[in-house]
Amino acid sequence: MTLHENVVACIACNLRNGCHRVVHGVGPHSSGGVMLVGEAPGVEEDLQGEPFVGGSGRLLTALLFANGFFRKQFYITNVVKCRPPGNRKPEPDEIATCKRWLVEEIRLFRPRLIVALGDTASLTLTGLPISHVGGVYPARREFGSLPTLICYHPAYVMRNRPLIPILGFDLCKIREPVTSYPPIYTSLARPIEFEVGAQQALGWVSVDIETHGSMSAPKDALNPFKAGLLGIGICTHPGRAFSLPYDEFSRSTIARFLASDTPKVFQNASFDLAVLTSLGFEVRNVIWDTMVAAHVLYSSAPADLDFLRARYTNIPPYKIVYKGSKRGGVEGMTRERLGEYNCYDVDVTLQTALAQQKSCNDKTEKLVRQGVQLTEIAVEMRLRGVQVDTKELGKFARSLAPEVARSRAEFENCYEVNPLSPKQLSKLLFETLKCPIPAIAKKGKTAHISVDEAVLNDLSKRRLSANAQDCIDKLLKVRESSQLYSTFIKGIAQRLHKQPSNIYTIHPEWKPTGAESGRWSCKNPNLQNAPKTFRSMFCARRGHKFVVGDYSQLEFRVALTLANDHETLRQSDEGLDIHEKTRLAMLEIVPTATRLLAKKVVFGTLYGLQPTTLARTLDIKKAEAEALQKVAITSFPSLVELKRQMLESFKNKHYAESFLGRKRYCETETQALNHPIQGTAIDITNSAMIQLRKAYGPIIVLQVHDEIVVEVPEHGDFSTSILQTIMEGSLPDLYPRFPASVWEAKTWGKED
């Protein structure tokens, strides 16, 4: 009997009894080809008797074609040949029973490469989980130890559409496997070896530092002020790396290299540059950051070095081998072992950077280079910090602490429940008070229903019993006051840095790639969420002043620009308040309509909010929301047409794009409608920050969405008109002027 006949006749497990057909492999029988291996047949495969003919198969065929392949070129099969009931994952005994047929297929067809699609195929063929996606590894001995490329399963990608380009990129490796280089690592380089190696580099040189403190003091792991330098590594060619221990004898060698014009590549430059700069090193000519590039190319995918290693290189997993248990960390390594680990890091970084640049077009490469400049700005902002008026901080603490205690006591007296206990709150809300369980609520690790902020906000907008509504209101008050105190009083007090003359500064961590949308993020603490009433505690240093610039209606003007609505833009330029005009048109429907309500209706309509959602958000009736949206549509027909165009583009491309080409592979239509507008607004702000730094150096201290705060000498040449000119004309290729309000102040919260 042939293999095909043997597979069809198999009755070795119970799966055969519940399926229509046994789905055997199909494709050319010649040796030296490529074999694609999935998990198990689905519904359509079960009916048609052929693997990958359903929705996931059509996606796979399309991605293969996009890479220049035809489906008929490949032998395609599954680990399990019969469809599991309900499309569940195959059980281990079912995989073990069916494995013999996969072994026989590989023996007969002798492929040069196996592609494992999904976790089941990866574990079966290599013993490695899907976290090694993108890497090429030897298969188990029973499968001939053949090279095996690990990819996401197309069905999983269909449920997580932002991963479509990741799968497409990985399938490229079928044609052009990642080159493997025999490594030559000098793990304990002498200063002269390090210097000569750097001088012999023909192009980019990757750089990575090793620091201590990560395990002995976890809070200091990524604190550049407390993370001591142990050594520095460079990679001059793929597979050729040097690691130089840091001491008083090597410092001058390291300083000369970092200050040289050698083009340098980092992974997560924001941390490395912060550490090196805080130690007094000047770092010049940083041209690439693999983490920034990963964010630009695939913002939804992980960007850690181990993921990038699997994606772009053939270097085997090494971190777990060198770091061992979490307790040991780098402190438990010998210098030589730490040097080897450092060499692996820089080797992966260089190979990743070269592969990333190869996959970039002109637009994406420009965005990566811009991202590196923004990272340098973020490092300068963190190291410079912002001064805190401790008297103001104390005043806020004295006023807020009693409010925290009072709101908590009031809640506990009413309900005899600890408002900080999720388990007790869940029982109170959903069992005692019989609140409806919102669709967004999930069960936590201890099986209670989530009572996070999103759930409470959802409940607060529903019609509940008087007792339940009172409970939600009191609980939100407890949460708000407690969060304000922990973040902006206690959190700031714990992070104060004492400077000479009893000056105190705070140094939050800024990140220009902190969100998929491209918005900046801030943490430790997050000053972007600082209430305006608290901002007066942040003040300019003695002899300095803040100059603050805030774009006016930036996203709305961007939307009008993308819609080519020049008439409305002209009216706005002439001083007409567009949102006020819209509010007046809405008064017949909602007599108490405010300008903010009008603005939310316009953007909600543009971003695809349904009337039900809009009504809940604005706390109005659904009929009123529908009527308000009709007013918005009538007032701005150009935005309705823009919305149609953006949705059509998303359906064709599966991603949305900002003016400068910042892509986001969206999961929802709301994201697809939001990103071209919000992403372009971010392009405008980022361009202004880069121009400010280029012209005036490291003067930026704060960035909050559409607002930029710089700190300059009080009697210097920098003025409000300079900031206004740069901000308003930062992206002339899009539109000549985006208005910004600009003012001077001694504190962030007050305009002089």
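Residues numbered from 1 in each chain as written. Predicted model: local features only at pLDDT ≥ 70, side-chain atom pairs only at ≥ 80, totals over all residues. Heavy atoms only, no water.

> I'd love a proper account of the overall build of the protein, names of residues and values included.
For the protein, the helix and strand inventory stands at 29 helices and 23 strands. Seen through its C-alpha atoms, the protein measures out along the principal axes to roughly 90 × 75 × 60 Å. The buried share among the 752 residues of the protein stands at 52%. A total of about 34,200 Å² of accessible surface is found on the protein, and carbon and sulfur atoms cover 52% of it. One way to put it: in the protein the 93 positive side-chain charges average out to a point 3 Å from where the 80 negative ones average out. (Helix = DSSP H or I, 4+ residues; strand = E, 2+ residues; numbered from the N terminus. Buried < 20%, exposed > 50% of the residue type's maximum accessible area, 1.4 Å probe, protein only. Areas by Shrake-Rupley, 256 points an atom, 1.4 Å probe, with all protein chains shown as cover. Lys, Arg positive; Asp, Glu negative; His and termini not counted. Charge placed at Lys NZ, Arg CZ, Asp CG, Glu CD.)

> Requested: an account of the packing of helix 5 (residues 92-109) against helix 6 (residues 119-126), with residues and values cited.
Closest axis-to-axis distance for the helix 5/helix 6 pair is 12 Å, and the angle between their directions is 70 degrees. In this view, helix 5 runs roughly perpendicular relative to helix 6, as classed from their interaxial angle. Each of Ile 95, Lys 99, Leu 102 and Ile 106 in helix 5 lies in contact with helix 6, whose residues at this interface are Thr 120, Thr 124 and Leu 125. A breakdown of the residues in the contact of helix 5 with helix 6 according to their chemical character gives four nonpolar, two polar and one charged. (Axes fitted to C-alpha atoms, helices over the stretch in contact; angles between N-to-C directions. Parallel < 35°, antiparallel > 145°, perpendicular 65-115°, else oblique. Contact = heavy atoms within 4.5 Å. Nonpolar A, V, L, I, M, F, W, Y, C, P; charged D, E, K, R; others polar.)

> Can you lay out the sheet that holds strand 5 (residues 147-151) for me, pointing to particular residues and giving the numbers?
Taken together, five strands build an open sheet; the order of strands is 2-1-3-5-4 and the sheet is mixed. Of all the strands in the sheet, just strand 2 (75-78) and strand 4 (136-138) have a single pairing partner and so form its edges. The average undirected angle you get between the axes of adjacent strands in this sheet is 30 degrees. Sheet analysis places strand 3 (residues 113-117) next to strand 5, joined by four bridges and oriented parallel. Bridging across to strand 5, Ile 114 finds its partner in Thr 148. Running over the sheet, helix 6 touches strand 1 (34-38), strand 3, strand 4 and strand 5 and is turned about 135 degrees from strand 3. (Pairing = 2+ DSSP bridges.)

> Just give me the short version of the nonpolar core, but keep the residues and values in it.
If you look at the biggest cluster of nonpolar residues, it comprises 139 residues, and the most contacted ones within it are Leu 36, Val 115, Ile 174, Trp 288, Phe 538, Leu 639 and Val 710. The element contributing the most residues to this core is helix 28 (residues 669-696), with eight residues. Dropping the residues within four chain positions of it, Leu 639 is found in contact with Phe 556, Ala 559, Leu 560, Ala 563, Val 602 and Leu 606. Listed in part, the 28 residues of the second largest apolar core include Ala 201, Val 205, Leu 229 and Val 275. (Core = buried A, V, L, I, M, F, W, Y, C linked by side-chain atoms within 4.5 Å.)

> How would you sum up the environment of Asp 452? Please name residues and give values.
Structurally, Asp 452 is set in the loop between helix 18 (422-432) and helix 19 (453-460). What makes Asp 452 partly exposed here is its relative accessible area of 39%. Once the C-alpha coordinates of Asp 452 and Pro 422 are considered, the two residues, 30 residues apart in sequence, prove to be 8.2 Å apart.

> So what's going on with helix 18? Residues and values would help.
Every α-helical turn comprises 3.6 residues, leaving residues that sit three or four positions apart pointing alike. Looking only at helix 18, the buried set comprises Leu 425, Ser 426, Leu 428, Leu 429 and Phe 430. The buried side chains of helix 18 occupy one side of the element, clustering within an arc of 165 degrees when seen end-on. Facing away from the buried side of helix 18 by over 90 degrees, the exposed positions are Lys 423, Lys 427 and Thr 432. Of the residues flanking the end of helix 18, it is Lys 434, one or two places downstream, whose phi is positive at about 60 degrees. (Arc of directions from axis to C-beta.)

> Can you break down the packing of aromatic side chains residue by residue, with the values?
Overall, the coordinates contain 22 aromatic pairs when judged by the stated rule. The ring centre of Phe 257 lies 5.3 Å from the NZ or CZ of Lys 264, which sits over that ring. Taking the ring centre of Tyr 655 as reference, the NZ or CZ of Lys 663 above it sits at 4.5 Å. (Phe/Tyr/Trp six-rings, centres within 6.5 Å; stacked < 30°, edge-to-face > 60°. Lys NZ or Arg CZ within 6 Å of the ring centre and 35° of its normal.)

> I'd like a rundown of the sheet that holds strand 21 (residues 700-704), residues and numbers included.
Strand order in the open sheet formed by four strands is 21-22-18-23, and the pairing between neighbours is antiparallel. This sheet does not close on itself; its edge strands, each paired only once, are strand 21 and strand 23 (740-745). Between one strand and the next, the sheet's axes are offset by a mean angle of 15 degrees, whatever the strand orientation. The pairing of strand 21 with strand 22 (residues 707-713) spans four bridges and is antiparallel. Bridged to Val 704 within strand 22 is Glu 707.

> How would you summarise helix 24 (residues 595-606) if you had to cite specific residues and measurements?
For helix 24, spanning twelve residues, the distance from its first C-alpha to its last is 17 Å, which sits close to the expected 16 Å at 1.5 Å a residue. Gly 608, located one to two residues past helix 24, shows a positive phi value of around 85 degrees. (Expected span 1.5 Å × (residues − 1).)

> Describe unusual backbone geometry, listing the residues and the values that go with them.
Following Asn 524, the chain continues to Pro 525 via a peptide bond in cis, the omega torsion being -5 degrees. The backbone phi angle of Ser 145 is positive, close to 55 degrees, even though this residue is not glycine. Residue placement: Ser 145 occurs in the loop between strand 4 and strand 5. With relative accessibility at 39%, the residue Ser 145 sits in the partly exposed group.

> Lay out the pairing of strand 3 with the relevant residues and their values.
With respect to burial, strand 3 is a largely interior element, five of its five residues being buried. Of the two faces of strand 3, the one carrying Leu 113, Val 115 and Leu 117 and the one carrying Ile 114 and Ala 116 are both buried.

> Outline the pattern of salt bridges, supporting the account with residue identities and numerical values.
Across all of its chains, the model carries 38 salt bridges by this definition. Notably, a salt bridge pairs Arg 309 with Asp 306, separated by 2.8 Å at the nearest N-O pair. With Arg 309 and Asp 306 both in helix 13 (residues 305-312) and three residues apart, this pair spans about one turn of that helix. Overall, Arg 309 belongs to the buried group, its relative accessible area being 1%. Take Asp 306: its relative accessible area is 29%, and that puts it in the partly exposed class. Of the charged contacts in the structure, one is a salt bridge between Glu 567 and Arg 570, with a shortest N-O distance of 2.4 Å. (Salt bridge = Lys/Arg side-chain N within 4 Å of Asp/Glu carboxyl O.)

> I'd like a description of the packing of helix 21 (residues 554-562) against helix 22 (residues 566-573), backed by residues and values.
For any two helices packed against each other, one specifies the inter-axial angle together with the distance between the axes. Relative to each other, helix 21 and helix 22 sit at 145 degrees, their axes nearing to 8 Å. On helix 22, the residues touching Arg 557, Leu 560 and Thr 561 of helix 21 are Thr 568, Leu 569, Ser 572 and Asp 573. Counted by class, the contact of helix 21 with helix 22 contains two nonpolar, three polar and two charged residues.

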